Amino acid sequence: MTTGNLDRGLAILEILSESVPGLPMHIIADRLNIPRSATHRLLAELIRHGYVRQEKEQGEYLLTMKLCSLGLSHLSRSGVTDAAQPILERLARASGELARLGIIDGEQLVWVAKAQGAPSGLRYDPDMGREALLSCTASGHAWLSCLSDEEAIELVLKQGGLNRGTTVGPKAAQTIPSLLDELHLTRERGYSILTEAIVGTAATAAPIHHAITKQVIGVLSVSGPNARFTEERMRELTPVLLNCAAELSSISPSLPSFADRNRSPGVL
């Protein structure tokens, strides 16, 4: 593929990742504003390389499991999920809610592992491998609070700004100054607390720092339905959350995926 075709091919993979049943070729072309003839050629190349399949002639195009396999293989070899899983499970048991680990990769924060502490009833349990919305998630705030105000806002704007997506809740920051106020508070106390910044949910999160470089490399969070996971309950869990984050920080030098992978300070 040429550079232009590479960009288009990656965009196709991203849009297909959001549609499990698949999409017809004309929908893909229209959403990405790519000529249908070029879209057809790109899909044929992706099929040839095993990343996309078509159920039947003229049917929808779907992602294969190849990308998932590559990602899981990478995480398995890095050792991060094996090392983090017992800590996540301990945090999930203590909270009775969903514990998640997010890793900073360049300008993104991606959730890579989880443990569910709510065995039945109302549960919050989103998919792994998704990029966290920085402006309205506790995980995003925990990371951004470790950056300068200028760096934090630039990352939020690069991701699409405030109130991106349909899941943004009524208590999400509506303006840049209000977002900065929340980040300043998070920075002061060392962890974030958000209720209904995402519809129906509440969450608390703490940053994970590399034990040697002290750079922020990931985030540990607990989230659940806001009707049950109150601010008072989140504050009760703070010592456990911070202890678990410190434990992950202490083992970071031995894990490749916990290397200092985020951008250098001041560089976006």
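What you see is a predicted model, and the numbers here were worked out from it, not measured in a lab.

Reading the values: the criteria
- Residues numbered from 1 in each chain as written.
- Predicted model: local features only at pLDDT ≥ 70, side-chain atom pairs only at ≥ 80, totals over all residues.
- Heavy atoms only, no water.
- Axes fitted to C-alpha atoms, helices over the stretch in contact; angles between N-to-C directions.
- Helix = DSSP H or I, 4+ residues; strand = E, 2+ residues; numbered from the N terminus.
- Parallel < 35°, antiparallel > 145°, perpendicular 65-115°, else oblique.
- Left-handed = near helix turned anticlockwise from the far one by under 90°.
- Contact = heavy atoms within 4.5 Å.
- Nonpolar A, V, L, I, M, F, W, Y, C, P; charged D, E, K, R; others polar.
- Pairing = 2+ DSSP bridges.
- Phe/Tyr/Trp six-rings, centres within 6.5 Å; stacked < 30°, edge-to-face > 60°.
- Lys NZ or Arg CZ within 6 Å of the ring centre and 35° of its normal.
- Expected span 1.5 Å × (residues − 1).
- Buried < 20%, exposed > 50% of the residue type's maximum accessible area, 1.4 Å probe, protein only.
- Polar contact = N/O pair within 3.5 Å; in protein donor to acceptor, adjacent residues only side chain to side chain.

Peer 1: Describe the packing of helix α2 (residues 25–32) against helix α3 (residues 36–48), with residues and values.
Peer 2: Close contact between α2 and α3 brings their axes to 9 Å; oriented N to C, the two are set at 115°. Of the possible angle classes, the one that applies to α2 and α3 is roughly perpendicular. Classified by chirality, the crossing of α3 by α2 is right-handed. Contact residues: M25, H26, I28, A29 and D30 in α2; R36, T39, H40 and L43 in α3. Considering only residue class, the contact of α2 with α3 consists of four nonpolar, three polar and two charged.

Peer 1: If you had to explain the pairing of strand β5 (residues 192–195) to someone new, which residues and values would you point to?
Peer 2: For β5 and strand β6 (residues 201–209), the ladder comprises four bridges, and the chain directions are antiparallel. Looking at the pairing, S192 lines up with A205 of β6. Hairpin connection from β5 to β6: five residues lie between these consecutive antiparallel strands, with E196 at a positive phi of about 60°.

Peer 1: Explain the packing of helix α7 (residues 149–158) against helix α8 (residues 176–189) to me, and be specific about the residues and the numbers.
Peer 2: The axes of two packed helices give the description: the angle between them and the distance between them. Across the interface, α7 lies against α8 with an axial gap of 11 Å and an inter-helix angle of 125°. Considered as vectors, α7 and α8 are oriented oblique to each other. Considering how the two elements wind past one another, α7 and α8 form a crossing that is right-handed. For the pair α7 and α8, contact is made by D149, A152, I153 and V156 and by I176, L179, L180, L183, H184 and R187, respectively. Within the contact of α7 with α8, the residues separate by chemical class into seven nonpolar, one polar and two charged.

Peer 1: Help me get a handle on the packing of aromatic side chains, residues and values and all.
Peer 2: Evaluated as defined, the whole model comprises zero aromatic pairs. The positively charged end of K66 is found above the aromatic ring belonging to Y51, 4.5 Å away from the centroid. The ring of Y191 has R189 sitting right over it, with the charged end atom 5.4 Å from the ring centre.

Peer 1: Before we move on, can you summarise α3 with the specific residues and values?
Peer 2: Along its 13 residues, α3 runs 18 Å from first to last C-alpha, staying within 8% of the 18 Å computed at 1.5 Å per residue. G50 sits one or two positions beyond α3 and adopts a positive phi of about 90°.

Peer 1: Explain the side chain of T204 to me, and be specific about the residues and the numbers.
Peer 2: Assignment of secondary structure puts T204 in strand β6. Given a relative accessible area of 2%, T204 falls into the buried group. Looking at T204, its side chain comes within polar contact range of the main-chain oxygen of S192, at 2.8 Å.

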